[in-house]
Amino acid sequence: MARDKLISQKILKKVQDYIMFKMENNIKDNDEFSKLSEILPESLVRKIACRRVKDLLLKFPAFSKAEEDFLTEVAMNLVLRIYLPYDYIFYQGEEGEQMYFIIDGKVGLLEDDERRISKQIESGNYLGEFALFMPCKRNCSAIAMTYCLIHILNKEKLEKILDNFPIMKEQFTKDSKS
């Protein structure tokens, strides 16, 4: 079978664009914190992780009064993802299990017809936060409008973190009811 029949030209172009984006932005395949943890003390790695995303985490009202230790735990549990233009980040109607912090790029929220963007969310903001408070289905789809670097916080991981921070857990529970 010929190579071009196995993978379409459109997919090959996306792969090339993805690789170029990573190269141009110096994004490595291996998690930089796993490399750092091999040579630095864990306490220093944790401080670096928190410092990189602290300002963004503090924009989320539920975290705005959080103590440093809590923010550090959250930072250590974020997963970085790259989305190419027109990649779906999540779909309307799917069960929400994550919150998304946009490090770089622009995300569009799609209306019911999936053809029009009803709202744009840019770098330094977040989306999908309701998924952390209660079981819910996504009320819209989100699509990357540009190349996007996004940190993802999983609800299950957050729940485990909250178990170690009873005051934050109480506040989070209170916020979810309001």
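Note that this is a predicted model, so its numbers are computed, not measured.

1. Describing the sheet that holds strand β2 (residues 88–90)
Taken in spatial order, the four strands make up an open sheet running β2-β7-β4-β5, and their pairing is antiparallel. Bordering the open sheet on either side are β2 and β5 (117–122), each of which pairs with just one other strand. For this sheet, the mean inter-axis angle between neighbouring strands, taken without regard to orientation, is 30°. Across four bridges, the pairing between strand β4 (residues 106–110) and strand β7 (residues 141–144) is antiparallel. Paired with Leu110 across the two strands is Ser141, which belongs to β7.

2. Some points on a nonpolar patch on the surface
Together, Ile7, Ile11, Val15, Tyr18 and Ile19 line one region of the surface with nonpolar side chains, adding up to about 400 Å² of accessible area. Among the secondary structure elements, Ile11 is positioned in helix α2 (residues 9–24).

3. So, the sheet that holds strand β8 (residues 148–154)
Spatially, the four strands line up as an open sheet ordered β1-β8-β3-β6, and their pairing is antiparallel. For this open sheet the edge positions go to β1 (79–83) and β6 (126–127), each flanked by a neighbour on one side alone. Across the sheet, helix α7 (residues 155–163) is in contact with β1 and β8; its angle to β8 comes to roughly 55°.

4. Brief notes about helix α4 (residues 42–59)
For α4, which comprises 18 residues, the first-to-last C-alpha distance of 26 Å matches the rise-based estimate of 26 Å (1.5 Å per residue) to within 8%. The sharpest bend along α4 measures roughly 55° and falls at Val53. Listing the buried residues of α4 in full gives Val45, Ala49, Cys50, Val53, Leu56 and Leu57.

5. Side note on the pattern of salt bridges
As enumerated under the stated definition, the model contains seven salt bridges in all. Note that Lys54 and Glu68 form a salt bridge whose closest N and O atoms lie 2.8 Å from each other. Placement of the pair is Lys54 in helix α4 and Glu68 in helix α5 (residues 68–76), with a sequence separation of 14 residues. The partly exposed category is assigned to Glu68, whose relative accessible area is 41%. Between Glu122 and Lys106 there is a salt bridge, with the nearest N and O atoms lying 3.9 Å from each other. Of this pair, Glu122 sits in strand β5 while Lys106 sits in strand β4, placing them 16 residues apart in sequence. The class for Glu122 is partly exposed, based on a relative accessible area of 41%. Look at the salt bridges and you will find they share partners, linking Glu42, Arg46 and Glu73 into a network.

6. Considerations on the side chain of Thr72
Locating Thr72 in the fold gives a position in helix α5. Once residues lying within four places of it in the same chain are set aside, the contact partners of Thr72 are Arg46 and Cys50.

7. Points about the packing of α4 against α5
Axis separation between α4 and α5 bottoms out at 8 Å; the angle between their running directions is 95°. The angle between α4 and α5 places the two elements in the roughly perpendicular class. Residues Val45, Arg46, Ala49, Cys50, Val53, Lys54, Leu57 and Leu58 of α4 form the contact with α5, whose participating residues are Glu68, Leu71, Thr72, Glu73, Val74, Ala75 and Met76. A per-class count over the contact of α4 with α5 returns ten nonpolar, one polar and four charged.

Conventions and cut-offs
Residues numbered from 1 in each chain as written. Predicted model: local features only at pLDDT ≥ 70, side-chain atom pairs only at ≥ 80, totals over all residues. Heavy atoms only, no water. Pairing = 2+ DSSP bridges. Helix = DSSP H or I, 4+ residues; strand = E, 2+ residues; numbered from the N terminus. Axes fitted to C-alpha atoms, helices over the stretch in contact; angles between N-to-C directions. Patch = residues over 30% accessible without salt bridge, like charges linked within 9 Å, V, L, I, M, F, W, Y side chains within 5 Å. Areas by Shrake-Rupley, 256 points an atom, 1.4 Å probe, with all protein chains shown as cover. Salt bridge = Lys/Arg side-chain N within 4 Å of Asp/Glu carboxyl O. Contact = heavy atoms within 4.5 Å. Expected span 1.5 Å × (residues − 1). Bend = angle between axes of the 7 residues up to and from the residue. Buried < 20%, exposed > 50% of the residue type's maximum accessible area, 1.4 Å probe, protein only. Parallel < 35°, antiparallel > 145°, perpendicular 65-115°, else oblique. Nonpolar A, V, L, I, M, F, W, Y, C, P; charged D, E, K, R; others polar.

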